[in-house]
Each structure stands twice: as C-alpha cells, then as structure tokens.
Amino acid sequence: MIIKSATFMQSVVDWRKCPSPDLPEYAFIGRSNVGKSSLINMLVNNKNLAKTSSKPGKTQTINHFLINKNWYLVDLPGYGYASISKAMREKWQKMINDYLMKRENLQLVFVLVDSRLEPQKIDLEFIRGLGEKQIPFSIIFTKTDKVSAGKVQSNVQKFYNKLAEEWEEMPFRLLSSSETKKGREEILDYIEQINLQYNKNSEL
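Just so it is clear, the structure is predicted and the values come from calculations on it, not from any experiment. (Residues numbered from 1 in each chain as written. Predicted model: local features only at pLDDT ≥ 70, side-chain atom pairs only at ≥ 80, totals over all residues. Heavy atoms only, no water.)

Asks: Just give me the short version of the environment of I135, but keep the residues and values in it.
Replies: Positionally, I135 belongs in the loop between helix 3 (121-133) and strand 6 (137-142). Not counting residues up to four positions away in its chain, the partners in contact with I135 are L100, M101, V109 and L130. (Helix = DSSP H or I, 4+ residues; strand = E, 2+ residues; numbered from the N terminus. Contact = heavy atoms within 4.5 Å.)

Right, here's the structure in full:
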C-alpha cells in the first residue's frame, strides 16, 4: 500500500462522536510508552502526525486519522502506567472499552508489545480481554532495533508460549521498528488485504 494522504480528523472522548462508520477502521493500542505514536508516524511517513512523548500517557483521547481517504487509523490511549489519578484511569478504561465494543466499522485492533521485554502481565491481560469480548486483533512487536535479533526472537517466543496456555489459535504477529521502518510494508499490506475484503463485503 502506498500512503498518498494522512489527515488528522478529530479527537473525542466519546465513541458516539467518532466519524460516520462508513469506512474500515484500525485501532492501535499498547502499554504506555510502547512507541505507538512513533509507529503510526512511521506507517504514514509523517513524523508529526501523531504526537509523540517520552512521558507516558500523552494520548488521552480517541484520535482519528483518515488515510488515503478510504480508511481510518485510530490512535487510542495507552493502558497501564501513566501518572494520572485512579478516577481518570477508570474513565479512560471505560472510554476505550466502549469504543472497542461498540464501534461497528472497527476491523482490527493492533496491540503493540515492547519486543525488548519478557511477557508483561498487563499485555497478556489486555489481550485476554479482547478474546473474551471477541474483538479481532493482531500483535505488533515494537522497538526491534533496540535489542539483538536473538533477544527479540526469544521474547516473542516466550510471549506466544504464555498465550498458548490459554489460546488454541495464535494471533497474527508482526515485528516493527519506527527507527528502521521494519514491518512498515507488512503492516500496510495486511491492512490493505482486510480493506479489500471489507469493500467486497460492502458490495454484496
């Protein structure tokens, strides 16, 4: 897929105020500071599209970007550590859950996992929640340039070993680096395949 245009549309805190659900939509979410905004900017070739920060908790709203005028990329707040109150954290959680459960044109959730780390309980719990809600998702392992290829492979395998304790079918996975652009073509091609199926189904 060639990215011809990427336009910021809006930021909302209520899923009911999202754009009209007439285009396929892909949400990106992960633990705070997993490199989500950097990954989004890398995918669309615009380092300033999504706001990046070294401080966790930068994204606090549901952010819609219109890509190539035919699909939406959605930047969701991170889960886990952020220097916010318990009340605000619960408010974020409800906002994210409502969006994931009720957004009818949501095709897939990309769950971002830090490839430098061994399996984190918070990531496994979030993925378990998606499974319980029957929300389709795939996993993108980020920051693969920060450690050796062997370490990445080891951590990914450990993560999938953990998933295998509860899951019969393993989710699709991709490896990425915002610095080297590793995984960019694979992620965009994957989205394009789903878009083609979406458009085919829309014509029926």
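Here the narrative resumes.
Asks: Report on the environment of K182, specifying residues and quantitative values.
Replies: Structurally, K182 can be placed in the loop between strand 7 (173-175) and helix 5 (184-203). Taking relative accessible area as the criterion, K182 reaches 40% and is therefore assigned partly exposed. In this structure, the C-alpha to C-alpha distance between K182 and M42, residues 140 residues apart in sequence, is 9.5 Å. In this structure, K182 is in contact with M42, T144, L175, S176 and S177, ignoring residues within four places of it in sequence. (Buried < 20%, exposed > 50% of the residue type's maximum accessible area, 1.4 Å probe, protein only.)

Asks: Account for the packing of aromatic side chains, with residues named and values stated.
Replies: How two aromatic rings sit relative to each other is set out by the distance from centre to centre and by the angle between their planes. For the structure on display, the rule yields 10 aromatic pairs. On the numbers, 6.0 Å between centres and 70° between planes, the contact of F110 with Y190 is edge-to-face. Here F110, found in strand 5 (residues 106-114), pairs with Y190, found in helix 5; they are 80 residues apart in sequence, far enough to count as distant. By relative accessible area, which is 0% here, F110 ends up buried. (Phe/Tyr/Trp six-rings, centres within 6.5 Å; stacked < 30°, edge-to-face > 60°.)

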